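A look at the structure
What follows is the residue order along each chain.
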Amino acid sequence: MSNRILISEVGPRDGLQMIRSVMPLEAKCAWISAEAAAGVREIEVGSFVRPDLLPQLADTAEVVRHACTIPGLTVAVLVPNLKGAQKAVEAGAHKITLPLSASETHSLKNLRRTHAQVLDEVRAIAAMLRELPPEQRPHFEGGISTAFGCTLEGEVPERKVVELAEQLMKAGCDEVGLADTSGYANPAQVKRLVRAVRSAVGENALTGLHLHNTRGLGLANVLAGLEVGITTFDSSLGGLGGCPFAPGAAGNVVTEDLVFMLEAMGLETGIDLERLIEVRKIVREALPEEPLYGFVPEAGLPLGFRPASRST
Ligand code: ZN
């Protein structure tokens, strides 16, 4: 188990994408700055999708430009296609993730593309990136969504996920990630699938997981990932956005709870938990209607809590 863990905050993209209200640009920038100041080193700040499809994220280019002024912060974005990737490069993003749904039914419904079409897009993006000088080239991840099961297809065969991971790497991704979009994963499955994908594409080509807490197993699944060597976890401040399948429940793993677990276990995230919890105020003020989740912010830190990141 590595004792240094990277938390990739996805609230400004994944969280905001799930809600109807639009957060003003100034609030997004304040949120991102405050999280970075609390020690968060990677933030997925938006998505280069058509603004008419996701008006919540229409200002992604401006958000990226702001985030890129924060020293030491890795600025990540989601891109659905080559055009989005070009916009991400223009704005200066450091990392781009192209989602590919392991379930083809889900892929057709969400991205309106078959697996073959998505892989063509990956090849086109990789070719575009190769033309760039190395210092302008963002890290390119293929994010396999519905990797642990799909609300439309049910079970997703593990060999299908392994196969897609291999195809993504062959098509030119630097790395693949696995996402439990539907919140179906369990810890045994996380270990099995991570091991299977890693043995096919290599350890360095799978370092991150995007887990959900839909059925209460978010942190248990994180622990399973840690035990098989995963070092990057996506999560969202306050679990913003909730879960589309279970109203009243957090969708994404809550960043505050995740940081608490890791730091209490002696694993360094570099994040100051008290400052992180303060960041909720910015989100709450900008989106007063939206519920924020998290056990640790409600219960407070245990008396005498000693985070791993402060003791070194
Ligand atoms: Zn998510």
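Look up: the structure comes first, before these words.
Throughout this description, residue numbers start from 1 for each chain and increase along the sequence as written. Per-residue local features of the predicted model are confined to residues with pLDDT of at least 70, and side-chain atom pairs are confined, for both listing and counting, to 80 or more; whole-chain, interface and lining totals are unaffected and use all residues. For the side-chain quantities, the full set of heavy atoms in the structure was used; hydrogens and water were omitted.

**Concerning the nonpolar core**
Counting 89 residues, the largest nonpolar core has L178 and V197 as the members making the most contacts within it. At 7 residues, helix α6 (residues 115–130) tops the list of elements feeding residues into this core. Residues count as neighbours in contact if any of their non-hydrogen atoms are within 4.5 Å of one another. Apart from the residues within four sequence positions on either side, V197 is in contact with V161, V162, A165, V176, L178, G202 and L206. We call a set of buried Ala, Val, Leu, Ile, Met, Phe, Trp, Tyr and Cys residues a nonpolar core when their side-chain atoms join them within 4.5 Å. The buried label applies to any residue whose accessible area, calculated with a 1.4 Å probe on protein chains only, is under 20% of its type's maximum; exposed applies above 50%, and partly exposed to all values in between. To qualify as a helix, a DSSP run of H or I must reach at least 4 residues; to qualify as a strand, a run of E must reach at least 2; elements of each kind are numbered from the N terminus.

**Overview of the sheet that holds strand β5 (residues 139–145)**
Pairing between strands is defined by DSSP: at least two bridges between the two strands are required. Strand order around the closed barrel formed by 8 strands is β1-β2-β3-β4-β5-β6-β7-β8, with parallel pairing between neighbours. The mean angle between the axes of side-by-side strands here comes to 25 degrees, regardless of whether they run parallel or antiparallel. Both strand β1 (residues 6–9) and strand β8 (residues 232–235) contribute to a ladder of 4 bridges, which runs parallel. Within β8, the residue paired with L6 across the bridge is T232. Axis definition: a line fitted to C-alpha atoms, limited for helices to the stretch in contact. Angles are taken between N-to-C directions and run from 0 to 180 degrees. The strands touched by α6 within the sheet are β4 (95–101) and β5, with β4 carrying the most contacts at an inclination of about 165 degrees.

**Focus on the pairing of strand β7 (residues 206–210)**
Burial runs high along β7: 4 of the 5 residues are buried. Between strand β6 (residues 175–179) and its parallel partner β7, the chain crosses via helix α8 (residues 187–201), and the hand of that crossover is right-handed. In this sheet, β8 lies alongside β7 in parallel orientation, the contact comprising 3 bridges. Across the sheet, G208 pairs through a bridge with T232, a residue of β8. In this region the chain leaves β7, passes through helix α9 (residues 218–227) and returns to the parallel neighbour β8; the handedness of that crossover is right-handed. Whether a crossover is right-handed comes down to one check: with the strands pointing away from the viewer, does the path from the first strand over the helix to the second run clockwise; if it does, it is right-handed.

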